[in-house]
Amino acid sequence: MSPRRNRPPRRGGENSTGNGGGSVEGDRYGGFQRTETWQGEEWSVRNVAGASAAGKRYRCPGCDQEIPSGVPHVVAWPDHGGVDDRRHWHKACWNAKDRRGARVQRSRNAPRH
């Protein structure tokens, strides 16, 4: 008699990655990547799981508040941009980006990160 399997088989094959053997960068960050249109341009958007953001802090451009380490959030960048154009947003701030008024301005002494 064979041992009992407690987990259902993975979709897409029996390999250990579960993605057909290729590397999916979305798996690394705990989320899937999608494309959204905002301000007349296409943006790549990826959800980041809190565990993937451990040890790092980011500043949300939507509310100008810090995103603490280990908090799930969204990373967005223009399709024509590169790594330096990525911005980390709170999920609520990204969802409310069209409803917000003027951009929040930092004081002169505020850190720029």
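Residues numbered from 1 in each chain as written. Predicted model: local features only at pLDDT ≥ 70, side-chain atom pairs only at ≥ 80, totals over all residues. Heavy atoms only, no water.

Trainee: What am I meant to see in the pattern of salt bridges here?
Mentor: A side chain of one charge can pair with a side chain of the opposite charge if their charged atoms are brought near each other. Evaluation of the coordinates by the stated rule reveals 3 salt bridges. The partner of Glu36 in a salt bridge is Arg34, and the shortest N-O contact between them spans 2.9 Å. Residue classification places Glu36 among the partly exposed residues on the basis of a relative accessible area of 22%. By relative accessible area, which is 23% here, Arg34 ends up partly exposed. Between Glu36 and Lys97 there is a salt bridge, with the nearest N and O atoms lying 3.7 Å from each other. Of this pair, Glu36 sits in strand S1 (residues 33-38) while Lys97 sits in the segment after helix H2 (91-95), and the two are 61 residues apart along the sequence. Overall, the relative accessible area of 14% leaves Lys97 in the buried class. (Salt bridge = Lys/Arg side-chain N within 4 Å of Asp/Glu carboxyl O. Buried < 20%, exposed > 50% of the residue type's maximum accessible area, 1.4 Å probe, protein only. Helix = DSSP H or I, 4+ residues; strand = E, 2+ residues; numbered from the N terminus.)

Trainee: Looking at this structure, I do not really get the environment of Pro68. What am I missing?
Mentor: Secondary-structure assignment places Pro68 in the loop between strand S4 (66-67) and strand S5 (73-78). Linking Pro68 and Arg57, residues 11 residues apart in sequence, is a C-alpha distance of 5.1 Å.

Trainee: What should I look at first to understand the side chain of Ser44 in this one?
Mentor: Turning to its location among the elements, Ser44 is positioned in strand S2 (residues 41-48). A distance of 2.5 Å separates a polar atom in the side chain of Ser44 from a polar atom in the side chain of Asp79. Residues contacting Ser44, with those up to four places away along its chain left out, are Gln33, Arg34, Val75, Ala76, Trp77 and Asp79. (Polar contact = N/O pair within 3.5 Å; in protein donor to acceptor, adjacent residues only side chain to side chain. Contact = heavy atoms within 4.5 Å.)

Trainee: Can you help me understand unusual backbone geometry in this one?
Mentor: Note on backbone geometry: most residues besides glycine have negative phi, and most peptide bonds are trans. Non-glycine residue Gln39 carries a positive phi angle of around 55°. Mapping Gln39 onto the fold places it in the loop between S1 and S2. You will see that Asp64, though not glycine, has its phi angle at about 65°, which is positive. Within the element layout of this structure, Asp64 appears in the loop between strand S3 (58-59) and S4. When its relative accessible area of 14% is taken as the criterion, Asp64 is described as buried.

Trainee: Just to check I follow, could you spell out the confidence of the model for the chain for this structure?
Mentor: Any residue range with low pLDDT should be treated as having predicted coordinates unsuitable for detailed reading. Model confidence for the chain is summarised by a mean pLDDT of 74, while 60% of its residues fall at 70 or above. Across residues 13-28, where pLDDT falls below 50, the model places 15 contacts with residues more than four positions away in sequence or in other chains. (pLDDT = per-residue confidence, 0-100.)

Trainee: Any chance you could explain the packing of aromatic side chains here in plain terms?
Mentor: Two aromatic rings, taken as a pair, are described by how far apart their centres are and by the angle between their planes. Inspection of every chain in the model, using the stated rule, returns 5 aromatic pairs. Considering the side-chain rings of Trp38 and Trp89, the 5.8 Å spacing of their centres and the 85° angle between planes classify their relative orientation as edge-to-face. With Trp38 in strand S1 and Trp89 in strand S6 (residues 87-89), the pair connects residues that are 51 residues apart, well separated along the chain. A relative accessible area of 11% means that Trp38 is categorised as buried. A centroid spacing of 5.2 Å and a plane angle of 75° characterise the contact between Trp89 and Trp94, whose relative ring orientation is edge-to-face. By relative accessible area, which is 7% here, Trp89 ends up buried. (Phe/Tyr/Trp six-rings, centres within 6.5 Å; stacked < 30°, edge-to-face > 60°.)

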